[in-house]
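Summary of structural features
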Amino acid sequence: MAATNPTDPNKIRLTGENSFIRLADPSTNEETSRASHWRVWLSPGGAGHVLFLRSDATDGQVRIYSDNIALARWLQDEIERLLHEEFADQTMQIIDAEFTRKGDTQNFWTETIESDDETIAMTWYEFMEPYMLVVPAGSASGRPHGVYSCFIPARKAQLTINGEVASGGVTHDRRGDKDSSSACLALSETWVRP
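Now for a description of the structure that goes with this document. (Residues numbered from 1 in each chain as written. Predicted model: local features only at pLDDT ≥ 70, side-chain atom pairs only at ≥ 80, totals over all residues. Heavy atoms only, no water.)

**What about the overall build of the chain?**
Worth spelling out the cut-off: Starting at the N terminus, helices and strands are each numbered in turn, a helix being any DSSP run of H or I of at least four residues and a strand any DSSP run of E of at least two. Only the C-alpha atoms count toward the radius of gyration. The rule for a globule is 2.2 Å times the residue count to the power 0.38. Between buried and exposed lies partly exposed: a residue is buried under 20% and exposed over 50% of the maximum accessible area for its type, with that area taken using a 1.4 Å probe on protein chains only.
Looking only at helices and strands, the chain features one helix and 15 strands. Here the C-alpha atoms of the chain give a radius of gyration of 17 Å, agreeing with the 16 Å that 2.2 N^0.38 yields for 194 residues. Across its three principal directions, the C-alpha atoms of the chain cover 60 × 35 × 30 Å. For the chain, with 194 residues in total, the buried portion stands at 48%.

**Overview of unusual backbone geometry**
Within the chain, Asn29 stands out as a residue other than glycine whose phi angle is a positive 65°. Structurally, the position occupied by Asn29 is in the loop between β1 (11–24) and β2 (31–42). In this structure, Asn162 takes a positive phi of about 50° despite not being glycine. Note on placement: Asn162 falls in the loop between β10 (146–161) and β11 (164–165).

**Things to note about the nonpolar core**
The following threshold applies: Remark: nonpolar core denotes a set of buried residues (Ala, Val, Leu, Ile, Met, Phe, Trp, Tyr, Cys) joined through side-chain atoms within 4.5 Å. Contacts are assigned to residue pairs that have any heavy atoms within 4.5 Å of one another.
Leu51, Leu53, Tyr65, Ile113, Ile120, Met122 and Trp124 are the most contacted members of the largest nonpolar core, which totals 26 residues. Those elements that place two or more of their residues in this core are β1, β3 (48–55), β7 (108–114), β8 (119–127), β10 and β15 (183–193). Considering every element that reaches this core, the biggest residue donor is β10, with five residues. Ignoring anything within four residues of it in the chain, the contact list for Leu53 reads Arg34, Ala35, Thr58, Gln61, Val62, Arg63, Tyr65, Phe87, Ile120, Leu159 and Ile161. In this structure, Leu14, Val62, Phe87 and Trp191 belong to the second largest nonpolar core, which totals 17 residues.

**What about a nonpolar patch on the surface?**
To keep things clear, this is the line we draw: For patch building, the residue pool is restricted to those with more than 30% relative accessible area and no salt bridge; the joining distance is 9 Å between like charges and 5 Å between nonpolar side chains (Val, Leu, Ile, Met, Phe, Trp, Tyr). With residues, only the protein chains shown are counted as cover, and all accessible areas are computed by Shrake-Rupley using a 1.4 Å probe. Basic side-chain nitrogens of Lys or Arg form a salt bridge, by our definition, when they fall within 4 Å of a carboxyl oxygen of Asp or Glu.
Residues Ile12, Trp41 and Leu42 make up a contiguous nonpolar surface patch of about 360 Å² in total accessible area. You can see Leu42 is positioned in strand β2.

**Comments concerning the pattern of salt bridges**
Counted according to the given criterion, the structure contains 11 salt bridges. A salt bridge links Glu86 to Arg54; its shortest N-O distance comes to 3.0 Å. Here the residue Glu86 occupies a position in the loop between α1 (69–83) and β5 (94–96), and Arg54 occupies one in strand β3, the gap between them amounting to 32 residues. By relative accessible area, Arg54 is classed as buried at 13%.

**Regarding α1**
Quick note on the threshold: In this analysis the local bend is the angle between axes fitted, respectively, to the seven residues ending at and the seven residues starting at the residue.
The largest bend in α1 comes to about 50°, at Gln76. Leu71, Ala72, Trp74, Leu75, Gln76, Glu78, Ile79 and Glu80 are the residues of α1 that are buried. Where α1 is buried, its residues meet β1, β2, β3, β4 (62–66), β5 and β15.

Any functional reading would require information beyond the geometric quantities listed.
This is the structure in structure tokens:
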């Protein structure tokens with residue numbers, strides 16, 4: 001008798017990457033920067049890149065950069081409204097940008113986002129042990145989605161905008177029994193929904 005491998009019965013909504021950097025003031029633990037970087041290969045909004053950003057280096061203003069405005073709007077409606085409502089305002093301008101990547105998961109990883117007026121660099125380094133994040137669909141309160149992602153937490157990260165380094169540092173925490181941080185590469189990420 002042939003073995004059967006189970007499949008997830010939910011619909012795939014997105015697959016790609018959603019790496020993030022969240023920096024905090026070490027004396028108060030108040031968040032100073034929040035950057036959510038998406039590299040999407042498959043979604044109803046198409047493929048492309050989006051960066052949702054708020055930082056002391058943007059004077060606390062939210063900015064959204066993308067090379068696919070339809071993807072950015074779809075992410076706002078489908079996912080960001082559940083993750084971080086501040087990023088979900090569909091009246092906000094989407095800034096046209098180009099996205100490039102360099103580095104690896106051993107030494108450093110840098111995502112560069114370039115618009116007409118700005119160059120943003122997000123760099124992760126001093127990586128910790130990777131782990132698989134598994135959130136079954138419907139298991140998180142108020143969120144219908146399930147998420148599967150390979151998280152590679154970093155002990156350190158840097159966010160710069162036109163050469164200005166955002167203040168704050170990476171905070172360390174745990175997800176389940178795994179050491180983690182507020183700055184993770186999130187690779188091979190797939191979102192599903194009933």
